[in-house]
Amino acid sequence: MLDDAQSTVSEPIRLEVDVLVAGGGPCGLMLANELGPRGVRCLIVDAKPGTAFNPQANATQARTMEHFRRLGFAHEIRALGLPADHPTDIAYFTRYTGHELARIKLPTAAEATVRIRTMTGSWSAAELPHRVSQKFVEAALRRHAQSWPSIDLRYGWVLQAFREEDDGVVATVQAVDGGEPLEVKARFLVGADGARSFVRGRLGIEWGGVTGIQREFMGGKMFAIYLRSPEFLSRLPHPKAWMYVAVNHQRRAFMASVDGVAEFAFHAAVHPGENPESWTEADARRIFAEAVGTDVPMEILSMGTWLAGHALVARRFRHGRVFIAGDAAHLFTPTGGLGYNTAVEDAVNLAWKLASVLKGQAPMSLLDSYEAERRPLAERNTGFARRFADSVGLFQARAVLEEDSPQGEAEREAAARHLDEHARLEFNIPGVTFGGRYDGSPIIVGDGAPLPPDEPNRYVHTASPGGRPPHMWLDDGRSLFDLFHREWTLLVLGEDEAPHAGFEAAARELGIDLEAVRLASPALRALYEAPLVLIRPDQIVAWRGADDGQAHAVLARVSGRLASDPYGMRPD
């Protein structure tokens, strides 16, 4: 099935790397930014000429921002896109120049960096979400990836073929404009090559889940316009927002501000019987006017169609030394912004494991945990995205909604109640953002503690192994997360230090890069409910306990050295 790496050239040029990545979008670029600092030789190829031109995803969730912070460039990402003082509200209208129905107010980029330091409860975090077009994020990720000597990033190159061997993968890549093919010998291959993944197709991995879900909105074909309209904001009789949603019987649409000034990403529902592939620029202007409520001059930068209504997860994420990630592994209807953010976390999860195996710090069995951890998370997140899409897309907008009559007013009041509730469901999602867990993973030492419910709009902090560590701002103004080591961290909490030297000794013996971080804070000790807490490189709690009595067994388990439990480990 995989033995198709045949070249028309008898002796192609050969390149040897540790990891070959097909796909230079957010997932592939995040892999590069995780592998580069670890000195892993990585070749990334993508047939596109460069990073995204079209805006694509528009929301970077808080957990993704925390990962960018860990890598050192969250502040740079937050400075991209909208001006620092631009509202990030989500607002619903009959038409953009018509009645405003509902609005959820969210902090500007400038406010976010201040508010986060005093927020508690569900939003106790190192970072808040940021509303920024994927095109800007990709460009920043590319700049940082290219700064690492071990990263070879080639846009305009395509993966043509690959075959798996006992000690690696042999692949053929070639520039899209021709030239000599390049034979690549890699220890591992990652297919981060999108929804129509060549890698997934060659592996014969099928989709699970559902597709073709039909809704009045966000279910079926959508028509997209990337446009520039300097006059739009001056024609808007309402306060500015980040996301503008049109709810009327004629044309449902949403539009995200790209630069906060004149550029917008507009997406409209296509009705049954319409053929948007044949639409001209005049048709695009007509569709835009239906959502705005009047003609507004605009320049069309690009236009096309896409399909909403997916909730798909690949049945497998791995075949031997070949992995799939991002849209190659899961497809979302883009409500909640979960597709791009889930792809970033795929890369974060896989990268440290690949690096550990490549450096001889862990056995191949560690890589079994990638699918075991990420596939359930993909199913969880596609489920949430489907719920959000149902909430907004199954709402029926009737003609009476726009009438200037008592019946119209009553209809708008009912719509306002529903849309206000929906906005809070889809756009205030700390539970989705922070609540993903890896319970049942072979490299998590669970402790049996009761877990809070997995709810989209409420997150309850828990240090139970398998989830994100609880966050706290320290008395000196630093984020707890900023103290975590690049690789493994052992938190030693409380005024009376628990015995922990055994972890440092076992880490040296096993070749694990571990650093102990001692914090006497009683509040932190209470928050984590244990004096010792082991944090993985991807900032997931791997274990917590009272002492170092089982240190060797714990580190062997969490690094993939134990497929079972021969030490008879029990929760402390």
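Residues numbered from 1 in each chain as written. Predicted model: local features only at pLDDT ≥ 70, side-chain atom pairs only at ≥ 80, totals over all residues. Heavy atoms only, no water.

Across its full length, the chain carries 15 helices and 24 strands. Relative to its length of 572 residues, the chain is compact, with a C-alpha radius of gyration of 25 Å against a globular reference of 25 Å. Based on the C-alpha atoms only, the size of the chain along its principal axes is roughly 75 × 65 × 35 Å. Intrachain contacts of the chain at a sequence separation of at least 6 include 74% that bridge at least 24 residues. Taking the average place of the 61 positive charges on the side chains of the chain and the average place of its 74 negative ones, the gap between the two points comes to 1 Å. (Helix = DSSP H or I, 4+ residues; strand = E, 2+ residues; numbered from the N terminus. Rg over C-alpha atoms; globule rule 2.2 N^0.38 Å. Contact = heavy atoms within 4.5 Å. Lys, Arg positive; Asp, Glu negative; His and termini not counted. Charge placed at Lys NZ, Arg CZ, Asp CG, Glu CD.)

Following the criterion strictly, the structure yields 51 salt bridges and no others. With a closest N to O distance of 2.9 Å, Arg-38 and Glu-487 form a salt bridge. In this pair, Arg-38 is assigned in the loop between α1 (26–35) and β2 (42–46) and Glu-487 in the loop between α12 (430–434) and β21 (488–493), connecting sequence segments 449 residues apart. Among the ionic pairs, Glu-373 bridges to Lys-353, the shortest N-O distance being 2.7 Å. Here the residue Glu-373 occupies a position in helix α10 (residues 368–393), and Lys-353 occupies one in helix α9 (residues 338–358), the gap between them amounting to 20 residues. (Salt bridge = Lys/Arg side-chain N within 4 Å of Asp/Glu carboxyl O.)

Any empty space left between atoms is shown by rolling a water-sized probe over those atoms. A full pass over the atoms with the stated rule returns two cavities of 30 Å³ or more. Computed from the structure, the largest cavity encloses a volume of approximately 240 Å³. As for the largest cavity, its lining consists of 20 residues, of which Arg-63, Glu-345, Asn-381, Val-432 and Thr-433 are closest to the centre. Contributing elements (two or more residues each) for the lining of the largest cavity: α2 (62–71), α9, α10 and α12. Here the residues of the lining of the largest cavity are counted per class, giving six nonpolar, eight polar and six charged. Of the volumes computed, that of the second largest cavity is approximately 30 Å³. (1 Å grid on protein atoms, 1.4 Å probe; cavity = no way out; pocket = protein on both sides within 12 Å on 5 of 7 lines; lining within 4 Å. Points joined across faces, edges and corners; volume = space filled by probe spheres on them. Nonpolar A, V, L, I, M, F, W, Y, C, P; charged D, E, K, R; others polar.)

On to helix α5 (residues 134–146), then. Taking 1.5 Å per residue as the helical rise, α5 with its 13 residues ought to reach 18 Å, and the 18 Å between its terminal C-alpha atoms agrees with that figure. Among all positions of α5, only Gln-134, Lys-135, Val-137, Glu-138, Ala-140, Leu-141 and Ala-145 are buried. (Expected span 1.5 Å × (residues − 1). Buried < 20%, exposed > 50% of the residue type's maximum accessible area, 1.4 Å probe, protein only.)

Now for the packing of helix α13 (residues 501–510) against helix α15 (residues 551–558). One way to put it is that α13 packs onto α15 with a least axis distance of 8 Å and a crossing angle of 50 degrees. On the basis of their axis angle, the class for α13 and α15 is oblique. Between α13 and α15 lies a crossing whose hand is right-handed. Contacts between α13 and α15 pair Gly-502, Phe-503, Ala-506, Ala-507, Glu-509 and Leu-510 from the former with Ala-551, His-552, Val-554, Leu-555 and Ala-556 from the latter. (Axes fitted to C-alpha atoms, helices over the stretch in contact; angles between N-to-C directions. Parallel < 35°, antiparallel > 145°, perpendicular 65-115°, else oblique. Left-handed = near helix turned anticlockwise from the far one by under 90°.)

Turning our attention to the nonpolar core. Proteins that are soluble and globular tend to have nonpolar side chains buried together. Phe-68, Leu-159, Leu-534 and Leu-555 are the most contacted members of the largest nonpolar core, which has 95 residues in total. Not counting the four nearest positions on each side in its chain, Leu-534 is found in contact with Trp-488, Thr-489, Leu-490, Leu-514, Ile-540, Val-541, Ala-542, Trp-543, Val-554, Leu-555 and Val-558. With 28 residues, the next largest nonpolar core counts Val-245, Val-247, Ala-256 and Phe-395 among its residues. (Core = buried A, V, L, I, M, F, W, Y, C linked by side-chain atoms within 4.5 Å.)

With that out of the way, let us pick up the environment of Ser-229. In this fold, Ser-229 is placed in the loop between β12 (220–228) and α7 (232–235). Given a relative accessible area of 0%, Ser-229 falls into the buried group. With 71 residues separating them in the primary sequence, Ser-229 and Ile-300 have C-alpha atoms 8.8 Å apart. Ignoring anything within four residues of it in the chain, the contact list for Ser-229 reads Ala-262, Phe-264, Val-296, Pro-297 and Met-298. A polar contact of 2.8 Å, which involves the side chain of Ser-229, links it to the backbone oxygen of Pro-297. (Polar contact = N/O pair within 3.5 Å; in protein donor to acceptor, adjacent residues only side chain to side chain.)

Let's shift gears to the pairing of strand β8 (residues 157–165). Bridging between β8 and strand β9 (residues 168–175) involves eight bridges; their strand directions are antiparallel. Of the residues in β9, the one forming a bridge with Phe-162 is Ala-171. Between the antiparallel neighbours β8 and β9 lie two residues. (Pairing = 2+ DSSP bridges.)

The subject of this paragraph is the packing of aromatic side chains. Tallying each qualifying case throughout the model produces 23 aromatic pairs. Pairing Phe-162 with Phe-198 gives two aromatic rings, centres 6.1 Å apart and planes at 85 degrees, and the pair type is edge-to-face. Linking Phe-162 in strand β8 with Phe-198 in helix α6 (residues 198–203), this pair joins segments that are 36 residues apart in sequence. Judged by relative accessible area, which is 28%, Phe-198 ranks as partly exposed. Linked through ring pairs, Phe-93, Tyr-96, Phe-232, Tyr-244 and Phe-264 together constitute an aromatic cluster. Above the face of the Phe-188 ring, Arg-321 is positioned so that its terminal group lies 5.1 Å from the ring centre. (Phe/Tyr/Trp six-rings, centres within 6.5 Å; stacked < 30°, edge-to-face > 60°. Lys NZ or Arg CZ within 6 Å of the ring centre and 35° of its normal.)

Spatially, β11-β17-β20 is the arrangement adopted by the three strands of the open sheet, whose pairing is antiparallel. Edge positions in the open sheet fall to β11 (207–210) and β20 (330–332), since each of these has one partner strand only. Adjacent strand axes in the sheet meet at a mean angle of 15 degrees when their direction is disregarded. Here four bridges tie β11 to strand β17 (residues 311–314), and the two strands are oriented antiparallel to one another. Each bridged residue has a counterpart across the sheet, and for Trp-207 the counterpart in β17 is Ala-314.

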